Amino acid sequence: LALLVRLADDCLEPISDIVALDRAARTASSALETLDTFARAASLRDAARILHVHHSTLQDRLSQVEVHLGWTVRDPDGLLRLQLALALRRASRNPA
């Protein structure tokens, strides 16, 4: 992850996935909390339990956020992409 953060810091252009996260955050106040919880949870139902919502409510939230992200977060590749984007976003806002 440190290597990715260093590479991201060297980029002249903003990283599109971080821009997409910021765009999603502007559209829904709970978007980042929802995405971060989903990315860290063991399952969708576990994430719903942590967020104190029904799993179908979480499914709806994810569907809405995916429109703004431009990719699905509910398949393995999309989940990894989300996890990396969230980590890079955190690192860019909290440089060591």
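Structure shown above.
The structure displayed is predicted, hence computed values, not measured ones.

Conventions we followed
Residues numbered from 1 in each chain as written. Predicted model: local features only at pLDDT ≥ 70, side-chain atom pairs only at ≥ 80, totals over all residues. Heavy atoms only, no water. Helix = DSSP H or I, 4+ residues; strand = E, 2+ residues; numbered from the N terminus. Phe/Tyr/Trp six-rings, centres within 6.5 Å; stacked < 30°, edge-to-face > 60°. Lys NZ or Arg CZ within 6 Å of the ring centre and 35° of its normal. Core = buried A, V, L, I, M, F, W, Y, C linked by side-chain atoms within 4.5 Å. Buried < 20%, exposed > 50% of the residue type's maximum accessible area, 1.4 Å probe, protein only. Contact = heavy atoms within 4.5 Å. Polar contact = N/O pair within 3.5 Å; in protein donor to acceptor, adjacent residues only side chain to side chain.

Draft legend 1. Focus on unusual backbone geometry. A positive phi angle is found at His 52, which is not glycine, with a value near 60°. Within the secondary structure, His 52 is located in the loop between α4 (44–51) and α5 (55–69).

Draft legend 2. Representation of the environment of Val 73 in the model. Tracing the backbone through its elements, the reader meets Val 73 in the loop between α5 and α6 (76–93). It is 9.0 Å that separates the C-alpha atoms of Val 73 and Ser 63, two residues lying 10 residues apart in sequence.

Draft legend 3. Region of interest: the packing of aromatic side chains. Per the counting criterion, the structure on display carries zero aromatic pairs. The ring of Trp 71 has Arg 81 sitting right over it, with the charged end atom 4.0 Å from the ring centre.

Draft legend 4. Representation of the nonpolar core. Within the largest apolar cluster, 22 residues are counted, with the highest numbers of intra-cluster contacts made by Leu 35, Leu 58, Leu 69, Val 73 and Leu 82. Elements that contribute at least two residues to this core include exactly α2 (16–27), α3 (31–40), α4, α5 and α6. Contacts of Leu 58, omitting those with residues within four sequence positions, involve Thr 34, Leu 44, Ala 47, Ala 48, Leu 51 and Val 53.

Draft legend 5. Fine view of the side chain of Glu 66. Here Glu 66 shows up in helix α5. A polar contact is formed between the side chain of Glu 66 and the side chain of Thr 72, at a distance of 2.9 Å. Ignoring sequence-local partners within four residues, the contact set of Glu 66 consists of Trp 71, Thr 72, Val 73 and Arg 74.

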